[in-house]
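Breakdown of the fold
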Amino acid sequence: MTGPRLPDATGPRIPDPARSRVPDPAGPRPPCTTESRPGDPPPGTSPDGVPAAEVGAALRDVAGLGGFFAVRLGGPDGGWHPVTESYARGFPDLVAATAARHRSPEARLGASIAQLGHAARLWSPVLACTVLHGIVPDLSGLQRADEGPALRLPAPAGRYAARVPRLADELYGIVMTGQLEVLRAGLRVKVAPRLLDGNSASALVEAGRAILAAHPAAREPLTVLVDDLLRTRRLAGTGRVTGPALTFRRRSCCLYYRAPAGAKCGDCGLADRTDGAPGDRP
């Protein structure tokens, strides 16, 4: 990372919105008091004290950053299924559709790019809500559209980031352990595990770049959190941040260059080779 790391080893210093003295434009928050039984949260509040409406407002706000940041909230259940069902099947519909869209006969190319897109849809809202709103969304009830890659949360929930002891570990558990590693285990197409880890890291940093471009004042907590995540477990060793704008160089390749109209992405580990030039992300 190009700047100094914060001295707090537990992660970036993201303010606790529940303790902030700055007036909330949405009005006062419900107090975190107990009802009839000790430890029970107030109605509409998650166990860690974040009102569901507040989590939903944060998710709706960050959706404005782009399509990968959008998560459908609530609404009818028809047309959606638990994303874990798709993981267990190995994303066959998205793998096939992605390979067809890029006119590639290689199933592993479809699997790689489908996983990369899904990783972007996970990291983007989680990272943005954490850094911009101080709320870590809970993805345990995540659903996927029956037709397409869109994601939905039937009931928003989350934790205040400032109350999480090790923020990078928390986000890693939500996105990597809880989602992407489960997808990797279910894939029916053979793809190198470290290639998929590189995709996950690339999606994380690209989400950070988009957040930084829209909210430059969030640079310090954002870059520290991204750096911490890139040092965590399977993300460690996948690549390195190369500049203050969160430019990134991964050590692997998503295989997009193997598509008939493909090219090497800007962060590709093969981009400096003479057999091709960096290209735009698919």
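Per chain, the residues get numbers from 1 upward, laid out in the order the sequence is written. For a predicted model such as this one, the threshold for reporting local features is a pLDDT of at least 70, and the threshold for listing and counting side-chain atom pairs is 80 or more; totals across whole chains, interfaces and linings nevertheless cover every residue. Heavy atoms throughout the structure, all of them, feed into the side-chain values; hydrogens and water do not.

1. Quick word on the confidence of the model for the protein
When pLDDT is averaged across the protein, the result is 84; 79% of the residues are at 70 or more. Note on scores: pLDDT gives the predictor's confidence for each residue, bounded by 0 and 100. Should any heavy atoms of two residues lie within 4.5 Å, those residues are counted as being in contact. In the model, residues 1-11 has pLDDT below 50 throughout and makes 20 contacts with residues more than four positions away in sequence or in other chains. Considering only residues more than four positions removed or in separate chains, one finds that residues 273-282, a stretch of pLDDT under 50, has 25 contacts.

2. Some thoughts on the pattern of salt bridges
For salt bridges, the criterion is a side-chain nitrogen of Lys or Arg within 4 Å of an Asp or Glu carboxyl oxygen. Using the criterion set out here, one finds ten salt bridges in the structure. Its salt-bridge partner being glutamate 106, residue arginine 108 comes within 3.1 Å of it at the nearest N-O pair. With a 1.4 Å probe rolled over the protein chains alone, any residue whose accessible area is under 20% of its type maximum counts as buried; one over 50% counts as exposed, and the rest are partly exposed. Judged by its relative accessible area of 19%, glutamate 106 falls in the buried class. A salt bridge links aspartate 169 to arginine 233; the nearest nitrogen and oxygen atoms lie 3.8 Å apart. Here aspartate 169 is found in helix α5 (residues 167-186), whereas its partner arginine 233 is found in the loop between α7 (219-229) and β7 (239-241), with 64 residues between them in sequence. In this structure aspartate 169 comes out as partly exposed when scored by relative accessible area, which is 32%. By sharing partners, the salt bridges in this structure join Arg166, Asp169 and Arg233 into a single network. Only DSSP runs of H or I covering at least 4 residues are called helices, and only runs of E covering at least 2 are called strands; the numbering of each starts at the N terminus.

3. Notes on the nonpolar core
Within this scheme, the nonpolar core is defined by two criteria: the residues are buried Ala, Val, Leu, Ile, Met, Phe, Trp, Tyr or Cys, and they are joined through side-chain atoms within 4.5 Å. Core analysis: the largest hydrophobic core is formed by 71 residues, its most contacted members being Trp123, Leu127, Leu171 and Leu229. Broken down by element, this core gets its largest block of residues, 14 residues, from helix α4 (residues 107-133). Those residues in contact with leucine 229 that lie beyond four places of it in its chain are Trp123, Ala168, Leu171, Tyr172, Leu204 and Leu235.

4. Some points on the packing of aromatic side chains
Pairing of aromatic rings covers Phe, Tyr and the six-membered ring of Trp, with a centre-to-centre limit of 6.5 Å; geometry is then stacked below 30 degrees between planes, edge-to-face above 60, and tilted otherwise. Following the criterion strictly, the structure yields one aromatic pair and no others. Sitting over the ring of phenylalanine 91, arginine 144 keeps its end group 5.3 Å from the ring centre. Geometrically, a charge over a ring is one whose NZ (Lys) or CZ (Arg) sits within 6 Å of the ring centre while staying within 35 degrees of the ring normal.

5. What to know about helix α3 (residues 92-101)
Within the sequence span of α3, burial applies to Leu94, Val95, Thr98 and Ala99. Seen end-on, α3 carries its buried residues on one side only, within an arc spanning 130°. In α3, the exposed positions angled more than 90 degrees off the buried face are occupied by Ala100 and Arg101. On its buried face, α3 is in contact with α4 and β4 (143-145). Just downstream of α3 lies arginine 103, where phi reads positive at about 50°. What the arc measures is the spread of directions leading from the helix axis to the C-beta atoms.

6. Topic: the sheet that holds strand β2 (residues 80-82)
Spatially, β1-β5-β4-β2 is the arrangement adopted by the four strands of the open sheet, whose pairing is mixed. Sheet topology places β1 (72-73) and β2 at the edges, where each strand pairs with a single neighbour. For two strands to count as paired, DSSP must find a minimum of two bridges between them. Here three bridges tie β2 to β4, and the two strands are oriented antiparallel to one another. Its bridge partner being in β4, histidine 81 is matched across the sheet by arginine 144.

7. Quick look at the packing of helix α1 (residues 52-62) against α4
The description of two packed helices rests on the angle between their axes and on the distance between the axes. Every angle, taken between N-to-C directions, lies between 0 and 180 degrees, and every axis is a line fitted to C-alpha atoms, over only the stretch in contact when it is a helix. In contact at an axis separation of 9 Å, α1 and α4 are set at 110° when each is read in the N-to-C sense. Between α1 and α4, the angle falls in the class roughly perpendicular. The element α1 and its partner α4 pack so that their crossing is right-handed. Contacts between α1 and α4 pair Ala58, Leu59, Asp61 and Val62 from the former with Pro125, Ala128, Cys129, Leu132 and His133 from the latter. Each residue is assigned to one of three groups, with Ala, Val, Leu, Ile, Met, Phe, Trp, Tyr, Cys and Pro labelled nonpolar, Asp, Glu, Lys and Arg labelled charged, and all others, Gly among them, labelled polar. Here the contact of α1 with α4 is built from residues that sort into seven nonpolar, one polar and one charged. To sort the angles, those under 35 degrees are grouped as roughly parallel, those over 145 as roughly antiparallel, those from 65 to 115 as roughly perpendicular, and the leftovers as oblique. What makes a crossing left-handed is the near helix being turned counterclockwise from the far one by less than a right angle; a clockwise turn instead makes it right-handed.

8. Looking at the environment of glutamate 220
Residue placement: glutamate 220 occurs in helix α7. Taking the C-alpha atoms as reference points, glutamate 220 and valine 131, 89 residues apart in sequence, are found 9.8 Å from one another.

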